[in-house]
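Chain by chain, the residues:
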Amino acid sequence: MNNYWRFIENFMKKCDISVIILTFNEVLHIRRCLENITPWIEAVFIIDSYSTDETLEIASQYDNVYILQNKWENNHAKQFNWALVHAPIKTKWVLRLDADEYLLPELIIEINSKLDHLENEVTGIVFKRRHYFMNKWMKKGIYPVKLLRLFQFKKAICEQRLMDEHIQLIEGKCVEFENDFVDHNLNNLSWFCHKHVDYAIREAVELLDIEYGLSNSNGTCGIRISSQAFKKRKMKFKYVKQPLFWRAFYYFCYRYFFRGACLDGKVGFIWTFIQGWWYRTLVDAKIYEIKRACGNDVERMRTYISKHYNIYFKE
């Protein structure tokens, strides 16, 4: 870390940026994340869901870190948008960052050198995300994932979605920077699988929403997100029309063979199998379960999902 900052300090200045991080029991990651950003940004706002570990004790050690707590309601977008309203943000720019993420030195330098020279109409900036799994960079399969993560305060919000929520510009346009930030979770494989079990029902409900219009909120028209995210959103509309279970196998083959995840060795296989085939099959199994119980009756689906999974739809 010392060599890292000796390198960075030669190039950086304080940037007019506030960072929002949502936390719950992030003791494995929070120090690494804060060490990465606190030296060169103005403020960090930790929005904590009442952690029971040492997350807040660690965060309180940094002078420019401010802690707010809000009850988690199983909705990332709602929690993030709560932060945009309640955190005392005074900077021009806001960066969304997860506790298990960090910026590479090249991206920090790029932000420092470019941020003050952007055109006035630029209100959002897209970064490339690379995934580390079992401490190995997954270079193939899905890299690079391009996400709008840095935006002007009050010029963007987080989409209200069950899954795959993105920062959405209210006004202006976005540009793309060249360098990467990293998603590098340090939890074990059991944690990774349990996380995807939790994700599966939300993904299943979202796909059913696209297919049956359960909430009338899954259209793509007018959404101002990154171009890659918009393209993936449109592909999801095609995916939902494909046969259950077969589409999960096809998705695995697409990532593993056609996108080259097979070149990432055994770790690449585990990553792609769990996230691509096993997870997608679990999502389809949830959809199959709901359809068996409800047929094509939309109201019965809404009632079933609300009763069994505590996911509710606005009228």
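Structure report, in brief. Fair warning: this is a prediction, and the values are worked out from it, not measured in the lab.

## Things to note about the pairing of strand 6 (residues 122–133)
- Of all 12 residues in strand 6, 11 are buried, a share of seventy percent or more.
- For strand 6 and strand 11 (residues 173–184), the ladder comprises nine bridges, and the chain directions are parallel. The partner of Val122 across the bridge, within strand 11, is Lys173.
- Here strand 6 pairs with strand 8 (residues 145–152) via six bridges, running antiparallel. Each residue of the ladder has a partner; that of Val126, found in strand 8, is Leu148.
- Across two bridges, the pairing between strand 6 and strand 7 (residues 136–137) is antiparallel. Of the residues in strand 7, the one forming a bridge with Phe133 is Lys136.
- In sequence, strand 6 turns back onto strand 7 through a hairpin of two residues, with Met134 there showing a positive phi of about 50°.

## Describing helix 6 (residues 189–212)
- Its 24 residues give helix 6 an end-to-end C-alpha distance of 34 Å, which sits within 8% of 34 Å, the value for a rise of 1.5 Å per residue.
- The largest bend in helix 6 is about 30°, located at Tyr199.
- For helix 6, the capping residue at the N-terminal end is Asn188, with a side-chain oxygen 3.2 Å from the backbone nitrogen of Ser190.
- Looking one or two residues past helix 6, Gly213 carries a phi angle of roughly 70°, positive in sign.

## Things to note about the side chain of Asp48
- Within the secondary structure, Asp48 is located in strand 2 (residues 41–48).
- At 14 Å, Lys71 is the nearest oppositely charged side chain to Asp48, a buried residue that forms no salt bridge.
- A distance of 2.7 Å separates a polar atom in the side chain of Asp48 from a polar atom in the side chain of Thr23.
- At 2.5 Å, the side chain of Asp48 and the side chain of Ser51 are in polar contact.

## Describing the state of the cysteines
- Counted according to the given criterion, the structure contains zero disulfides.
- In this structure Cys253 is not part of a disulfide, and its nearest cysteine sulfur, from Cys262, lies 11 Å away.

## As for unusual backbone geometry
- Put simply, Tyr143 and Pro144 share a cis peptide bond, and its omega is -5°.
- Within the secondary structure layout, Pro144 lies in the loop between strand 7 and strand 8.
- In the Ramachandran plot, Asn74 falls in the positive-phi region, its phi being about 60° despite a non-glycine side chain.
- The topology assignment puts Asn74 in the loop between strand 3 (65–69) and helix 4 (76–86).
- Judged by its relative accessible area of 44%, Asn74 is partly exposed.
- You will see that Lys154, though not glycine, has its phi angle at about 70°, which is positive.
- Position of Lys154 among the secondary structure elements: in the loop between strand 8 and strand 9 (156–158).

Calculation notes
Residues numbered from 1 in each chain as written. Predicted model: local features only at pLDDT ≥ 70, side-chain atom pairs only at ≥ 80, totals over all residues. Heavy atoms only, no water. Buried < 20%, exposed > 50% of the residue type's maximum accessible area, 1.4 Å probe, protein only. Helix = DSSP H or I, 4+ residues; strand = E, 2+ residues; numbered from the N terminus. Pairing = 2+ DSSP bridges. Expected span 1.5 Å × (residues − 1). Bend = angle between axes of the 7 residues up to and from the residue. Polar contact = N/O pair within 3.5 Å; in protein donor to acceptor, adjacent residues only side chain to side chain. Lys, Arg positive; Asp, Glu negative; His and termini not counted. Salt bridge = Lys/Arg side-chain N within 4 Å of Asp/Glu carboxyl O. Disulfide = S-S within 2.5 Å.

Read these as layout, nothing more, since geometry by itself doesn't imply function.
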